[in-house]
Amino acid sequence: MRILITGGSGFVGRLLCRRLARDGHELMVLSRTPDSARQGLPEGCDIRDTVAAFAQREPEAIVNLAGEPIAGKRWSEAQKRRLFDSRLSVTQQLVDLCRQSSTPPRVMISGSAMGYYGDQGQRAVDETTSPNEEFAHRLCAQWEAKAHEAERHGVRVVLLRTGLVLDAGGGALAKLLPAFRMGLGGRFGDGRQFMPWIHREDHVRSIEFLLDHDTLSGAFNASAPHPVRNAEFAATLARQLHRPALMPVPAPLLQLGLGEMSHLLLSGADMRPRRLLDAGFRFNYETLDAALADILRRGRAAA
């Protein structure tokens, strides 16, 4: 297929592009900086800086991964606007592309996040769970609603509510590893909050799976079947590194340093991938131990 990918030069997008190119797909990648994006993407990718630039090529599928990192900066009012604008603007442009195409794309897979559900305490969460009203939910809900507009033009829309994506060289793990390698890691707050996670390899495989299955649409939780609490995550990472995890970060310290954004680290959802499993998708990395063992082994081999 001809596949248009936004966010293709990002942490998930780079691996996705390599996999899709390997399988013979024709890739079109949206990037604000095409020259630098070209360095990390497969040869032959058509990289442009606007969605409109692809209008004449009429993609057959879209994977929309673009968006300012939600945990990248403190949530000032200006940063909140950037978080909304970076998601809604690109998604609106994709909807416009679908509307203007003589043959609209067959499918659009559009990013969302576990933040859609908000703080769910200790209860298990699947795609039918009602969300808790808070900033992260409003952000994800508006992003999803914008993507849903493509359905008016005959496009199958899939929404991926993604947990923490784990792999070497980026994402949340890259921020945690330096402290944990020095034995300075630990839980956040009381550590009882859930941390849905997914190995980057499984995340990319789930996107390929959803591209290929024409009957699947709507929201899917992109997270491993066995989410863990924050304290268990810290203990498992420390054990895999053969280091202690003796330096918890008190909740008041996180709140002081990060403000409202600290809520992301101190709350969570026991998010389960019910619809992916029901559709027949099988995870290569179901447990955190298996995922971290693979990631750290490959990290050592590359060092």
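Cut-off values and rules
For every chain, the first residue of its written sequence is number 1, and the numbers climb from 1 along that sequence. For a predicted model such as this one, the threshold for reporting local features is a pLDDT of at least 70, and the threshold for listing and counting side-chain atom pairs is 80 or more; totals across whole chains, interfaces and linings nevertheless cover every residue. Calculation of side-chain values draws on the structure's entire complement of heavy atoms; hydrogens and water are dropped beforehand. For two strands to be treated as a pair, DSSP must find no fewer than two bridges joining them. The helix and strand labels rest on DSSP assignments: H or I over at least four residues marks a helix, E over at least two residues marks a strand, and numbering proceeds from the N terminus. A fitted line through C-alpha atoms serves as each axis, taken over the contacting stretch for helices, and the angle formed by two N-to-C directions is quoted from 0 to 180°. Here a salt bridge means any side-chain nitrogen of Lys or Arg lying within 4 Å of a carboxyl oxygen belonging to Asp or Glu. UniProt positions are given in the numbering used here, feature names are shortened, and annotations may be inferred rather than shown by experiment. Classification of ring pairs rests on two measures: the distance between centres of Phe, Tyr or Trp rings, Trp counted by its six-membered ring, which must be within 6.5 Å, and the angle between planes, read as stacked under 30 degrees, edge-to-face over 60 and tilted in between. We count a charge as sitting over a ring when the NZ of a lysine or the CZ of an arginine lies within 6 Å of the ring centre and within 35 degrees of the ring normal.

Draft legend 1. Structural detail: the sheet that holds strand β7 (residues 156-162). With parallel pairing, the seven strands of this open sheet are ordered in space as β3-β2-β1-β4-β5-β7-β11. With one partner strand each, in any of the chains shown, β3 (46-48) and β11 (218-222) form the two edges of the open sheet. With direction set aside, neighbouring strand axes in the sheet form an average angle of 20 degrees. Where strand β1 (residues 2-6) lies against strand β2 (residues 26-30), five bridges are found, and the strand directions are parallel.

Draft legend 2. Here's a closer look at the pattern of salt bridges. Under the criterion given, the structure shown has 25 salt bridges. For Arg-19, the salt bridge identified is with Glu-201, shortest N-O distance 2.5 Å. Taken as a pair, Arg-19 in helix α1 (residues 11-22) and Glu-201 in helix α6 (residues 200-212) lie far apart in primary sequence, 182 residues in all. Put simply, Asp-294 and Arg-298 hold a salt bridge, and the shortest N to O gap is 3.1 Å.

Draft legend 3. Structural detail: the UniProt feature "domain: NAD-dependent epimerase/dehydratase" (unreviewed entry) in the protein. In this structure's numbering, the residues bearing the UniProt feature "domain: NAD-dependent epimerase/dehydratase" (unreviewed entry) are residues 3-214. Counted over residues 3-214, helix gives 37% and strand 19%. Its end C-alpha atoms are 15 Å apart.

Draft legend 4. Seen up close, the packing of aromatic side chains. Considering all chains together, one arrives at five aromatic pairs under this definition. Ring-pair connections join several aromatic residues into one group, and the members of that group are Trp-75, Phe-84 and Phe-135. A cation over an aromatic ring shows up here: Lys-80 above the ring of Phe-135, its NZ or CZ 5.0 Å from the ring centre. In this structure, Arg-161 packs its charged tip against the face of Tyr-116, placed 3.6 Å from the ring centre.

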